[in-house]
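Next come the chains, spelled out residue by residue.
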Amino acid sequence: MSNAYFKVPIPVNEPIKSYKPGSPEKEELKAKMLELKSKQIEVPLIIGGKEIRTGNTAEMIIPHNKKHVLGVYHKAGKEEVEEAIESALEARKEWSEMPWEHRVSIFLKAAELLSGPWRSTINATTMLNQSKTAFQSEIDAACELIDFWNFNVYYMTQLMSDQPISTKGVWNRLEYRALEGFVFAVSPFNFTSIGGNLGTAPAMVGNVALWKPASSAVYSAYHIMLLLKEAGLPDGVINFVPGSGSQVGNPAMTSKHLAGVHFTGSTSVFQNMWKTIAENLSESNYYPRIVGETGGKDFIFAHPTADVDALVSATIRGAFEYQGQKCSAASRMYIPKSIWSEFKEKYVAEVKDVKMGDVEDFTNFMGAVIDQGAYETITEYIKYADESDEAEFITGGKYNDSEGFFIEPTTIVTTNPNFKTMVEEIFGPVMTIFVYEDEKLDETLESCDTASAYALTGAIFAQDRKALVYMADRLKNSAGNFYFNDKPTGAVVGQQPFGGGRASGTNDKAGSAMNLLRWMSVRTMKETFDPPKNWRYPFMDEK
Ligand code: NAD
């Protein structure tokens, strides 16, 4: 055992590569995509380090070129989930006892591998299977995941150094133990980095996990497992169990060994998971820690003093980058009548320049939405608006799935602040705008705060400082990540810890010490150096 207090490297955010014409990173990425597309792979489950093929398979495709199959993955069922739980518990014996500096070295190494030799592979898998542009993939699959690993290591050591006071003759100590049991990590399709973080954040502090990635993002998730293996993650610490939500979820969540759930995804799935866990509580060995970051109905609220050019650019980036499939994507907007016509003219002209298509063509700003199901859900909303008297389209409104799941950047203007597309999460490239009378600022703020069940991200635009103060106060609980004169997307680890309240999640702030603490169980230890030998207190000596 080592006898020093180690300091981990001070983390800095991973620089974003530009992928500009002629850059080596662009050449490498393009070559990697060609290489990956030239073959089909078979993705197994990984349990206790062993590859398992169940024979129950599904295809992994390219959303913008849906006939291109990248391979198949095997799906886990009850039996494999039970095997994964056993293997995790077995691995826990050594993993939770491993000297922390060696444990975290594995994740620092993983970050370094992703920053260098693995960067193009993880970016290419994300671009192909999740239809992200090079830039969207770079800020997610490369930079954000590198940051999660480097920053979480640092936050863990900060937490461990938080110790109580001691008095004369007594030494008080806190020990930050891993949870007993296993953590069930369940990730969404839209961020490769989130998938990479949900299992590794608990693992970093000594836990073991089962990781169920989203079915439409298994391709990049599998490559992260390969990267973690190369970084030295011992077998069984994170067990890879792709498959259907309920087939994998139910046996995991009803296990008495469930110690925690680290979830990111939709609100309805999370609420059902919580119910399943609650119904099973009396059979459980623990009160599972339930951490979930879920849906959003993220807003941009403009004041009459807003800078219109800044507003236009924030709206386009906030609403349409990654086809609006970010939990933080702007999807409703409140704009005063006094600046509406100037905004509309500039905005419509700019949206006309937004190019959509194959993400291998670097001139495209948007790719396709993730799959057939998403395409149908999103286009249902567009059809609904098309048939309504309360809505008109000022951009887009068209869609086509002959090659891939393409939906134009669509903007609806509604006369009803509670219109369906103003309050429900659509998770696609659809922005709805409500134009308010300038003198109705106050009641429009009230509507923004109360119209939707969510409270994830929001942005206010004003050049009047008093207006910013007032609006931020009125919207205090309507977003966990709040932006002044900036788009509501693009949170960076270490800079804007991420998460929301109300129906948007437990707000445990991914990539922060607040999140890591959820995966630790603190043991308080008191040591008395010269304990009393007489049980009687002096006050009892009354004559
Ligand atoms: P989803 O809820 O459909 O799926 C998320 C994960 O849950 C997938 O792995 C899915 O297979 C799994 N799942 C489904 N049913 C399950 C069950 N019964 N038991 C266990 N697991 C089950 O979400 P998605 O479509 O992959 O992602 C989009 C959603 O994620 C949006 O609602 C978005 O807002 C949200 N999201 C939130 C954040 C955030 O930080 N708040 C970040 C990214 C995405």
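Reference entry: report on the structure contained in this document. Sequence order as written defines residue numbering, which begins from 1 separately in each chain. Residues qualify for local features only when their pLDDT is at least 70, as the model is predicted, and side-chain atom pairs are given and counted only at 80 or more; totals for whole chains, interfaces and linings, by contrast, use all residues. Remark: hydrogens and water are excluded; side-chain values derive from all non-hydrogen atoms of the structure.

**Quick word on the overall build of the protein**
Inference 1: Secondary structure assignment for the protein yields 16 helices and 23 strands.
Inference 2: Between the two quantities, the radius of gyration covers C-alpha atoms and the globule rule is 2.2 Å times the number of residues to the power 0.38. Relative to its length of 543 residues, the protein is compact, with a C-alpha radius of gyration of 25 Å against a globular reference of 24 Å.
Inference 3: Expressed along its principal axes, the backbone C-alpha trace of the protein runs to roughly 85 × 70 × 50 Å.
Inference 4: Burial status follows relative accessibility: with a 1.4 Å probe on protein chains alone, a residue under 20% of its type maximum counts as buried, one over 50% as exposed, and anything between as partly exposed. Counting over 543 residues, the protein shows a buried share of 56%.
Inference 5: Once local pairs closer than 6 in sequence are excluded, the contacts in the protein between residues at least 24 apart make up 78%.
Inference 6: None of His or the chain ends enter the tally, which takes Lys and Arg as positive and Asp and Glu as negative. To locate a charge, take NZ of a lysine, CZ of an arginine, CG of an aspartate or CD of a glutamate. Averaged over its 54 positive side-chain charges, the protein has a centre that lies 5 Å from the centre of its 69 negative ones. Per the convention used, a helix needs a DSSP run of H or I reaching at least four residues, while a strand needs a run of E reaching at least two, with both numbered from the N terminus. The contact definition used throughout considers only heavy atoms, calling two residues in contact when any of these lie within 4.5 Å.

**Here's the deal with the layout of surface pockets**
Inference 1: In this analysis a 1.4 Å probe is tested at points of a 1 Å grid over the protein atoms alone, and where it fits but cannot get out there is a cavity; an open set with protein on both sides within 12 Å along at least five of seven lines is a pocket; lining residues have an atom within 4 Å of a point. Grid points are joined across faces, edges and corners, and a volume is the space filled by probe spheres set on the points. The volume enclosed by the largest pocket comes to roughly 1,500 Å³.
Inference 2: Together, 41 residues line the largest pocket, and W100, M160, L174, E175 and Y176 are the ones closest to its centre.
Inference 3: Mapped by element, the contributors of at least two residues to the lining of the largest pocket are helix 3 (100-115), helix 5 (134-160), strand 6 (170-178) and strand 23 (520-528).
Inference 4: The element best represented in the lining of the largest pocket is strand 6, accounting for 8 residues.
Inference 5: Amino acids outside the nonpolar list (Ala, Val, Leu, Ile, Met, Phe, Trp, Tyr, Cys, Pro) and the charged list (Asp, Glu, Lys, Arg) are all regarded as polar, and Gly is one of them. In the lining of the largest pocket, the residues fall into 23 nonpolar, 8 polar and 10 charged.

**Some remarks on the side chain of T421**
Inference 1: Mapped onto the secondary structure, T421 falls in helix 13 (residues 420-423).
Inference 2: Here a polar contact means two N or O atoms within 3.5 Å. Within protein one must be a hydrogen donor candidate and the other an acceptor candidate, and residues neighboring in sequence count only if both atoms are side-chain atoms. Here the side chain of T421 touches T432 through a polar contact of 2.8 Å, side chain to side chain.
Inference 3: For T421, the residues in contact, after removing those within four places along its chain, are K297, S331, Y381, I412, I426 and T432.

**Observations concerning the sheet that holds strand 5 (residues 65-74)**
Inference 1: Note: two strands are recorded as paired if DSSP finds a minimum of 2 bridges between them. In space, the 3 strands of this open sheet follow the order 1-5-4, with mixed pairing throughout. Two strands close off the open sheet at either side, each with one partner strand: strand 1 (41-43) and strand 4 (57-62). Within this sheet the neighbouring strands show an average axis-to-axis angle of 40°, counted without direction.
Inference 2: Bridge analysis of strand 4 against strand 5 gives 6 bridges, and the strand direction is antiparallel. Within the sheet, the bridge partner assigned to I62 lies in strand 5 and is N65.
Inference 3: Geometry is summarised by axes, namely lines fitted to C-alpha atoms with helices restricted to the contacting stretch, and by angles between N-to-C directions that run from 0 to 180 degrees. Contacting strand 1, strand 4 and strand 5, helix 7 (residues 218-231) runs over the sheet at an angle of about 75° to strand 1.

**Section: the pairing of strand 17 (residues 410-414)**
Inference 1: Within strand 17, 5 of the 5 residues are buried, leaving the element largely enclosed by the surrounding structure.
Inference 2: Pairing analysis gives 4 bridges linking strand 14 (residues 391-395) to strand 17, with the strands arranged antiparallel. Of the residues in strand 17, the one forming a bridge with A391 is T414.
Inference 3: Pairing of strand 17 with strand 18 (residues 430-436), which is carried by 5 bridges, proceeds in the parallel orientation. Residue pairing for strand 18: I412 is matched across the bridge by T432.

**Some details on the sheet that holds strand 14**
Inference 1: Strand order in the open sheet formed by 7 strands is 14-17-18-13-12-20-21, with mixed pairing between adjacent strands. A strand with exactly one partner marks an edge of an open sheet, and here the two such strands are strand 14 and strand 21 (481-484). Across the sheet, the mean angle separating the axes of adjacent strands is 20° when strand polarity is ignored.
Inference 2: Sheet analysis places strand 12 (residues 298-302) next to strand 20 (residues 457-461), joined by 4 bridges and oriented parallel. The partner of A302 across the bridge, within strand 20, is F461.

**A look at the state of the cysteines**
Inference 1: Cysteine sulfurs are considered disulfide-paired once they come within 2.5 Å of each other. Enumeration over the complete set of coordinates arrives at 0 disulfides.
Inference 2: Cysteine C143 is unpaired, with the sulfur of C327 as its nearest cysteine sulfur at 17 Å.
Inference 3: A relative accessible area of 4% places C143 in the buried class.
Inference 4: Take C448: it sits in no disulfide, and the sulfur closest to it among the cysteines is that of C327, at 17 Å.

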